[in-house]
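Structure assessment
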Amino acid sequence: MGTQESDEQARGTGRRALLGAAVLGAGGAVLGLSGTAGAAGAGYAGGVKSLPKPTIIGHRGASGYRPEHTLAAYQLALDMGADIVEAGDLVPTKDGHLVCRHEPEIGGTTDVADHPEFAGRKTTKLLDGVSVTGWFTEDFTLAELKTLRAIERIPANRPHNSLYDGRFEIPTFEEVLRWQEEQTRKRGKQVWIYPEIKHPTYFRKLGLGLEERIAKVLRKYGRHKWNSPVIVQSFEPTSVQRLHKLIDNPLVVLLSGASTRPYDFVDSGDPRTVADLIKPAGLREIASYAQGIGPTLDLIIPKDASGKLTTPTTLVADAHKVGLVLHAWTLRNENPFLPADFRKGTDADAYGDVFGAYQTYFATGIDGVFTDQPDTGLLAREDFVNS
């Protein structure tokens, strides 16, 4: 990073402009590759392609159709037309590599339980204050993890995804960056990714600081700049603040339920909750080091005790007032994940009226949404913008 505060402020303004452009839609310029589309680590010149608003983000890839956080899921999301692919919930290996898994515990997302050679690795740990039993990435070398294969995390809701159990390996973040570069070249347009660093306080205490590791990898591939097509997110505000000092990428603070506290706040004794962070003062503070927020959909439109939607909050307008964009999470097609207003029947794997749900959330003015089924999101956006 630069040595002068004015330079840092200029970079921050650039990052905010970039992320804002990515969600402005028709008439908004998304910065694109200059010259040939495949220049490794190339920056953006501007105006090559616009990402429409609301932006459709493939949540852990097209995880409604393939086991999440596999190159197959990322590829399918891209093939379906997702504007951005959430390629990487990043957790470390024992030997310091970053790999893509939803959580460090991999018993539910890999076939590790079927490997007798790793039976002794099963253990119980305190993960962000919660007792978790299973197998953890930080207890495996990368070579060992590469012997495992991904499985469907929620087979009760997605039995069709179980067809692909055992087929795909665990990708590293470096493999994702090389995939991004390859797909950019093949498609002649810039591919965007949206990695998340997971449980940074937990891993820092293990001597496996994530922020420095992702910064090192992004710098290696020349994708650490304000105009790089990599948006980095975290649920821990202090982690995003640390990233702000290490890289110039667009940054996003993820926000869970209003009554929850980010774990870095719990660990440091900061009494604030998410409800405090989404007040105007909290949003202004976030805007000083990040360019966007990733709120749960319940912060946009709360639900009542029966699971039905109530009145939208002022969060969208409040965030926009301080220059923050909102990428909300997560829309899924299956009944259990939809507000009660939009469920059809009671089958756990049946689709509800997800198009109705999209229209309701889009109408609040959100800038983008994470979705497990990018094709559905794109159709819903088409309906919305043409209505």
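Residues numbered from 1 in each chain as written. Predicted model: local features only at pLDDT ≥ 70, side-chain atom pairs only at ≥ 80, totals over all residues. Heavy atoms only, no water.

Direction of pairing for strand β5 (residues 123-127) relative to strand β6 (residues 130-134): antiparallel, over a ladder of five bridges. Bridge pairing in β6 places Thr-124 opposite Thr-133. Here β5 folds back onto β6 in antiparallel fashion, the turn holding two residues, of which Asp-128 has a positive phi close to 50 degrees. (Pairing = 2+ DSSP bridges. Helix = DSSP H or I, 4+ residues; strand = E, 2+ residues; numbered from the N terminus.)

With that settled, the discussion passes to the confidence of the model for the protein. Confidence in the prediction of the protein, expressed as mean pLDDT, is 89, and 87% of residues score 70 or more. Every residue in residues 21-49 scores below 50 in pLDDT, and together they form 68 contacts with partners more than four places removed in sequence or on other chains. (pLDDT = per-residue confidence, 0-100. Contact = heavy atoms within 4.5 Å.)

Charged atoms that come close allow side chains of opposite charge to pair. The tally for this structure, following the rule as stated, stands at 30 salt bridges. A salt bridge links Arg-60 to Asp-89; the shortest N-O distance between them is 3.8 Å. Here Arg-60, found in the loop between β1 (55-58) and α2 (71-80), pairs with Asp-89, found in strand β3 (residues 89-92); they are 29 residues apart in sequence, far enough to count as distant. By the burial criterion, Arg-60 is buried, and Asp-89 matches it. One salt bridge in this structure joins Glu-175 and Lys-146, with 2.8 Å as the shortest N-O distance. Of this pair, Glu-175 sits in helix α4 (residues 173-187) while Lys-146 sits in the loop between α3 (142-145) and α4, placing them 29 residues apart in sequence. For Glu-175, a relative accessible area of 22% gives the class partly exposed. The buried category is assigned to Lys-146, whose relative accessible area is 19%. Here the residues in one salt-bridge network are Arg-60, Glu-68, Asp-89, Glu-103, Arg-153, Glu-196 and Lys-198, joined through shared partners. (Salt bridge = Lys/Arg side-chain N within 4 Å of Asp/Glu carboxyl O. Buried < 20%, exposed > 50% of the residue type's maximum accessible area, 1.4 Å probe, protein only.)

For any two helices packed against each other, the geometry comes down to the angle between their axes and how far apart the axes lie. At a closest axis distance of 12 Å, the pairing of α2 and α4 adopts a crossing angle of 30 degrees. It follows that α2 is roughly parallel to α4 by the angle criterion. When you trace α2 past α4, the crossing you get is right-handed. Packed against α2, whose contacting residues are Leu-71, Tyr-74, Gln-75, Leu-78 and Asp-79, the element α4 presents Val-176, Trp-179, Gln-183 and Arg-187 at the interface. In the contact of α2 with α4, the residues fall into five nonpolar, two polar and two charged. (Axes fitted to C-alpha atoms, helices over the stretch in contact; angles between N-to-C directions. Parallel < 35°, antiparallel > 145°, perpendicular 65-115°, else oblique. Left-handed = near helix turned anticlockwise from the far one by under 90°. Nonpolar A, V, L, I, M, F, W, Y, C, P; charged D, E, K, R; others polar.)

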